[in-house]
Amino acid sequence: MPLISRSPDTGVWLLATPHSSYALRIDDSGAPRHIAWGPRLTAAEADALVVPDGEPHSSFEGRPGVGEELPVDDGTRYGPPSLQVRHADGARGFAWQPTGHRVLTEVPGRAELVLEFRDRLHPLHVALHYRVREDTDVIERWTVLHNAGPGPLELPRCDSAAWTLPLLAGYRLSHVTGQWSAESQLRRDLLPFGETVLTSRRGVTSHHANPWVMLDDGTAGEEHGRVWSTALAWSGSWRLTVQRSPDGRAGWTGGVGHDGTCVPLAAGERFTTPVLAGLFSDGGFGTASRVWHAYIRDHVLPHAAEPAPVLYNSWEATGFDVDESGQKALAERAARLGVELYVVDDGWFGARRSDRAGLGDWTPAPDRFPDGLGPLSRAVHRLGMRFGVWVEPEMVSPDSDLYREHPDWVLHVPGRDRTEMRHQLVLNFARPDVADWAHDWLTRLVADHGIDFLKWDMNRAFGEAGWPGQDHGDDLLWTRYVTNLYDVLDRLRADHPRLRIETCAGGGGRVDLGVLARTDQAWVSDNTDAVDRLMIQHGFGQIYPARVMSAWVTDVPNQLTGQSVPLRFRFHVAMAGLLGVGGDLTRWSPEELAEGADLVAAYKKVRHLVQQGRQYRLGEPLGDRTQAVQYLSEDADELLLLAYRRSPRHGTPQPPVRLRDLPTGARYRDTGTGTVHHATVLTEYGLHLGLPTGDWASTALHLVRVPDGA
Ligand code: DGJ
């Protein structure tokens, strides 16, 4: 079956992914109407699902609130609009007039459908884009708006897409909430009737909500049941409105901007929304996550196939107290531990001795790095590691030369306060001169100091978000800031193809499909307590793959929580993602350094499974039962099992852990003990882990398939 086809009888467009189908058509009014999204359909089966447009059953109903591909604010529609327009003459609304369609198939293995429309009265053109691929169930959707008229117009809402679910007996919503140092807390609640709005008004993706959801009928589990899911590729303010309409239908619409902001569109201008991707899975939340993981690795990240190095970061060890000799001492110990990438965090530049000064003055501090960063960079390279530095290009300290020179470069509203948070203000990246300035110093910094890696941080939300002197500046900045940020990242990567970048915003404040398309990994949380981290990683991994999940082993008692857990447990938690070390190695005992080196070496033997394998969550990180995560190679020849147990009450049964998806009849050898296990026993009866009694027990088991007949 082709990836995209159109029925000659009904005009139904049918999109095919490996395990799902998506069908739509243009209805009698000219509007794009949803038909189906779920298990695979033939063209005839999709045709059979077309229901003729009926009359609303009362004069109060209007067109269905759920069920259009991009509901507009017009006519008799009363659901949350995906598209709201204020035309140049002050008129509002959009009446669909189809003007054509295209199917693009130039790239092997993928196809794109473009449905083109214009407003019946005004010169606004709207194109709906759908992209499907042979190797993923993720469907990418976005919208292009083109103002073909002579005057400016405004888009108070211009969502990327609206998605519709089949009529189910009930609906349950999965998503994450959180705050600084407590990101990615998974919530799974019944979807109430009405509109549930998930949003960021902070100008950045946010710690508080992340732009993705999963919906099921309330009965799906980790490995069974139907799940529909979406994720937005955008790193600024955003809004996802999930609707359960009074007639029992459910769906969502989502895109850039929050309530009260609008996208201005000057005469002749186009706005391309970010992708709002969606997937259907009939294999529960676990399968939905694995489809997202593979999609992000294969189609979002720039270099996912490359093994991510073991990293050291100086932040928790030194804070702002950074200098050349101290960093060299840490780097020597890090190299002995087996670290492959050494990163100097905050404090290396300008007058940055605390968070009160220095942001914006991006030259190495002469008192701490008298000869610049060159000597440290060379020392790190000589030790066989790559060299990285922390930067926060979007911010400025009021106590900085940059701010004294360019006080107008920050987001501000004339006459109002400029509210500082963490003693800093937000540079207006929407301004082309600010974006160019950032690109210039960044590209020079990287070139001049042999920098292989940037940790790109962003430590506060927007405030007094104004852009004086720019036409519609206060509206424009919300999107232009993000597209300029993307542009700077893209230019930097093009200048330095070997440069790798970590996205960070005070921990996990900016992780989304948009930023991941131009970075390589993400700092997930400033909370490095291994126990809290289990919960954060559980929520993060619902959508995002372990390939991007940076995790450090830090010292105990943990700086944030005061909690102490064994070094081995801390390593096993960090090994579930991209292993990093962030402790003060000058204070580690010889025994700790030796144990750390063994665990780093062990990680290197299995990192291909963590970073590229299929991930199975075996239990939740709650209570005193053992929780485990399994990473299985694509060919099922190898797996890693990481298992954790907190402080069990005496007598709590510890059932064996049942592994997933191993071929019947296969046998696996534990590379640590040599024990051979039968796949059927592992999957159907489970593995007794024999974790020691006491608090915070953990293990990492590497099982390799025994050749048949051996
Ligand atoms: C916030 C980050 O999340 C931390 O890891 C660290 O880089 C600090 N900023 C430095 O200011």
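No experiment lies behind these values; they were computed from the predicted model shown.

Quick notes on the rules
- Residues numbered from 1 in each chain as written.
- Predicted model: local features only at pLDDT ≥ 70, side-chain atom pairs only at ≥ 80, totals over all residues.
- Heavy atoms only, no water.
- Helix = DSSP H or I, 4+ residues; strand = E, 2+ residues; numbered from the N terminus.
- Rg over C-alpha atoms; globule rule 2.2 N^0.38 Å.
- Buried < 20%, exposed > 50% of the residue type's maximum accessible area, 1.4 Å probe, protein only.
- Contact = heavy atoms within 4.5 Å.
- Areas by Shrake-Rupley, 256 points an atom, 1.4 Å probe, with all protein chains shown as cover.
- Pairing = 2+ DSSP bridges.
- Axes fitted to C-alpha atoms, helices over the stretch in contact; angles between N-to-C directions.
- Expected span 1.5 Å × (residues − 1).
- Bend = angle between axes of the 7 residues up to and from the residue.
- Near = heavy atom within 4 Å.
- Polar contact = N/O pair within 3.5 Å; in protein donor to acceptor, adjacent residues only side chain to side chain.
- Nonpolar A, V, L, I, M, F, W, Y, C, P; charged D, E, K, R; others polar.
- Domains from an automatic or database assignment.
- Buried area = accessible area lost by both parts, 1.4 Å probe.
- Salt bridge = Lys/Arg side-chain N within 4 Å of Asp/Glu carboxyl O.

Here we look at the overall build of the protein
Within the protein, the secondary structure is distributed over 13 helices and 37 strands. Taken over C-alpha atoms, the radius of gyration comes to 26 Å for the protein, in line with the 27 Å a tight globule of 710 residues would show. Expressed as lengths along the three principal axes of its C-alpha atoms, the size of the protein is roughly 80 × 70 × 45 Å. Counting only residues that meet the buried cut, the protein has 61% of its 710 residues in that class. Once local pairs closer than 6 in sequence are excluded, the contacts in the protein between residues at least 24 apart make up 69%. Working note: accessible area of the protein is about 26600 Å², and carbon and sulfur atoms make up 50% of it.

Looking at the sheet that holds strand β2 (residues 13–16)
If you walk across this open sheet you meet the 4 strands as β1-β2-β3-β4, and the pairing is antiparallel. Only two strands of the sheet have a single partner each, and these edge strands are β1 (4–6) and β4 (32–38). Between one strand axis and the next, the sheet turns by 20° as a mean value, whatever way the strands run. Sheet topology note: the β2/strand β3 (residues 21–26) ladder contains 4 bridges and is antiparallel. Each residue of the ladder has a partner; that of Leu-15, found in β3, is Tyr-22.

Description of the sheet that holds strand β17 (residues 238–244)
Reading across the sheet, the 4 strands line up as β11-β18-β17-β14 and stay open at both edges, with antiparallel pairing between neighbours. The open sheet has two free edges, formed respectively by β11 (161–164) and β14 (194–200), since each of these has just one partner strand. The sheet shows a mean angle of 15° between the axes of neighbouring strands, taken without regard to direction. Where β11 lies against strand β18 (residues 250–256), 4 bridges are found, and the strand directions are antiparallel. Looking at β18, one finds that Thr-164 is bridged to Gly-251.

Some remarks on helix α12 (residues 590–612)
For α12, with 23 residues, the first-to-last C-alpha span of 33 Å sits near the 33 Å given by 1.5 Å per residue. The largest bend along α12 reaches roughly 60° and is located at Val-606. Along α12, the residues that are buried comprise Leu-593, Gly-596, Leu-599, Val-600, Tyr-603, Val-606, Arg-607, Leu-609, Val-610 and Gln-611.

Some thoughts on the pairing of strand β7 (residues 110–119)
In terms of burial, β7 is largely enclosed, as 7 of its 10 residues are buried. Across 8 bridges, the pairing between strand β6 (residues 96–104) and β7 is antiparallel. Across the sheet, Pro-98 pairs through a bridge with Phe-117, a residue of β7. Here β6 folds back onto β7, and the loop between the two strands holds 5 residues, one of which, Gly-109, carries a positive phi near 85°.

Notes on the site of the ligand
For the ligand, the set of nearby residues contains 14 residues, the closest of which are Asp-345, Asp-346, Lys-455, Asp-457 and Asp-526. Here Trp-390 contributes a side-chain N or O atom positioned 3.1 Å from an oxygen atom of the ligand. Within the side chain of Asp-457, one N or O atom sits 2.7 Å away from a nitrogen atom of the ligand. When the free accessible area of the ligand is taken as 300 Å², the share hidden by the protein chains comes to 98%. Per-class residue counts for the shell around the ligand are 5 nonpolar, 3 polar and 6 charged.

Points about the domain arrangement of the protein
Along its sequence, the protein is carved into domain 1 (4–299), domain 2 (311–612) and domain 3 (618–705). The C-alpha-based centres of domain 1 and domain 2 are spaced at 34 Å. By the criterion of area lost to domain 2, the three top residues of domain 1 are Trp-234, Ile-296 and Arg-297, representing 16% of everything that side buries. One can count 0 salt bridges joining domain 1 with domain 2. For the pair domain 1 and domain 2, the number of links is 20 residue pairs in polar contact (both at pLDDT 80 or more). Contributing elements (two or more residues each) for the side of domain 1 that touches domain 2: β13 (185–190), β15 (212–216), β16 (227–232), β19 (263–265) and α2 (284–300).

So, the environment of Asp-433
Take Asp-433: it is sitting in helix α7 (residues 432–449). Asp-433 gets classed as partly exposed once you look at its relative accessible area, which sits at 34%. Among the polar contacts listed, one links the side chain of Asp-433 to the side chain of Arg-431, at a separation of 2.7 Å.

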